[in-house]
Each structure stands twice: as structure tokens, then as C-alpha cells.
Amino acid sequence: MTKKVSIGARPTTVKPAPGEADQWVESRTPVAPEPEPNAPSKRLTIDIPADLHRRIKSQCALRGTKIADEVRELLLQKYGNE
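With respect to the overall build of the protein
Along the protein, the regular secondary structure elements total three helices and zero strands. The helix and strand sequence of the protein, counted from the amino end, reads α-α-α. Buried residues in the protein amount to 6% of all 82 residues.

Quick look at the structure:
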């Protein structure tokens with residue numbers, strides 16, 4: 001005895017409208033103040049324990065922020081905006 005299984009049509013994916021992503025990005029308010037347009041930037045690289053990184057990353061994801069923005073804000077709180 002063979003069992004027949006019918007396979008339905010391929011599910012269609014709903015693509016977001018092109019403007020939705022742009023609207024979301026434009027409506028976000030940055031956590032840290034934006035640097036001056038022509039101000040030079042420097043990259044800062046630090047090593048932290050993996051468990052601390054996971055906690056920071058998960059909290060930022062819940063708040064919808066970026067790790068870099070939160071670290072920038074903490075540095076500005078500590079050292080000020082000169």
C-alpha cells in the first residue's frame with residue numbers, strides 16, 4: 001500500500017513596499033548626537049568578554065539601537081562633548 005501526499009503550491013512571500021524601509025530609517029531618532037558633517041572620525045576597537053557582548057547586543061536589539069550609538073553615548077557622558 002502506498003501513501004500519496006499532495007504538495008501544494010509554493011507559498012508566496014510578501015515583500016515590503018520599497019518606501020516602508022526608507023520611512024522607518026528616516027523616522028528613527030539617533031540615540032547619540034550626530035557628529036558634525038565634516039568632523040574627522042577615528043575608529044576605536046576594544047576586546048570584551050563574549051558574555052558581556054551578548055548582553056549588550058540583546059539589550060540593544062530590544063531597544064532597537066546600535067551598539068556603536070550606545071557606546072558613543074556612554075563615552076560622551078563620561079568625557080563630554082568638547
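Quick word on a nonpolar patch on the surface
The grouping of Leu44, Ile46, Ile48, Ile56, Val71, Leu75 and Tyr79 at the surface amounts to a nonpolar patch, some 660 Å² of accessible area in total. Element by element, the count of residues in the nonpolar patch is highest for helix α3 (residues 67-79), at three residues. Along the chain, Leu75 turns up in helix α3.

Describing α3
Residues separated by three or four positions in an α-helix point in the same direction, a consequence of the helix having 3.6 residues per turn. The terminal C-alpha atoms of α3 lie 18 Å apart, and with 13 residues this matches the ideal 18 Å at 1.5 Å per residue to within 8%. At the C-terminal side of α3, Gly80 shows a positive phi close to 80°.

Points about the side chain of Asp69
You can see Asp69 is positioned in helix α3. A distance of 2.8 Å separates a polar atom in the side chain of Asp69 from a polar atom in the side chain of Arg72.

Focus on helix α2 (residues 50-63)
End to end, α2 covers 20 Å across 14 residues, agreeing with the expected 20 Å (1.5 Å per residue, within 8%). At the C-terminal side of α2, Gly64 shows a positive phi close to 75°.

A closer look at the confidence of the model for the protein
Across the protein, the average pLDDT comes to 81, with 78% of residues at 70 or higher. Here helix α1 (residues 18-27) stands out as the element of the protein with the lowest mean pLDDT, 71, in contrast to α2, whose mean of 94 is the highest.

With respect to the environment of His53
If you trace the backbone, His53 turns up in helix α2. Taking the C-alpha atoms as reference points, His53 and Ile67, separated by 14 residues in sequence, lie 9.4 Å from one another. Not counting residues within four places of it along the chain, the set of residues in contact with His53 comprises Ile48 and Ile67.

About the thresholds
- Residues numbered from 1 in each chain as written.
- Predicted model: local features only at pLDDT ≥ 70, side-chain atom pairs only at ≥ 80, totals over all residues.
- Heavy atoms only, no water.
- Helix = DSSP H or I, 4+ residues; strand = E, 2+ residues; numbered from the N terminus.
- Buried < 20%, exposed > 50% of the residue type's maximum accessible area, 1.4 Å probe, protein only.
- Patch = residues over 30% accessible without salt bridge, like charges linked within 9 Å, V, L, I, M, F, W, Y side chains within 5 Å.
- Areas by Shrake-Rupley, 256 points an atom, 1.4 Å probe, with all protein chains shown as cover.
- Salt bridge = Lys/Arg side-chain N within 4 Å of Asp/Glu carboxyl O.
- Expected span 1.5 Å × (residues − 1).
- Polar contact = N/O pair within 3.5 Å; in protein donor to acceptor, adjacent residues only side chain to side chain.
- pLDDT = per-residue confidence, 0-100.
- Contact = heavy atoms within 4.5 Å.

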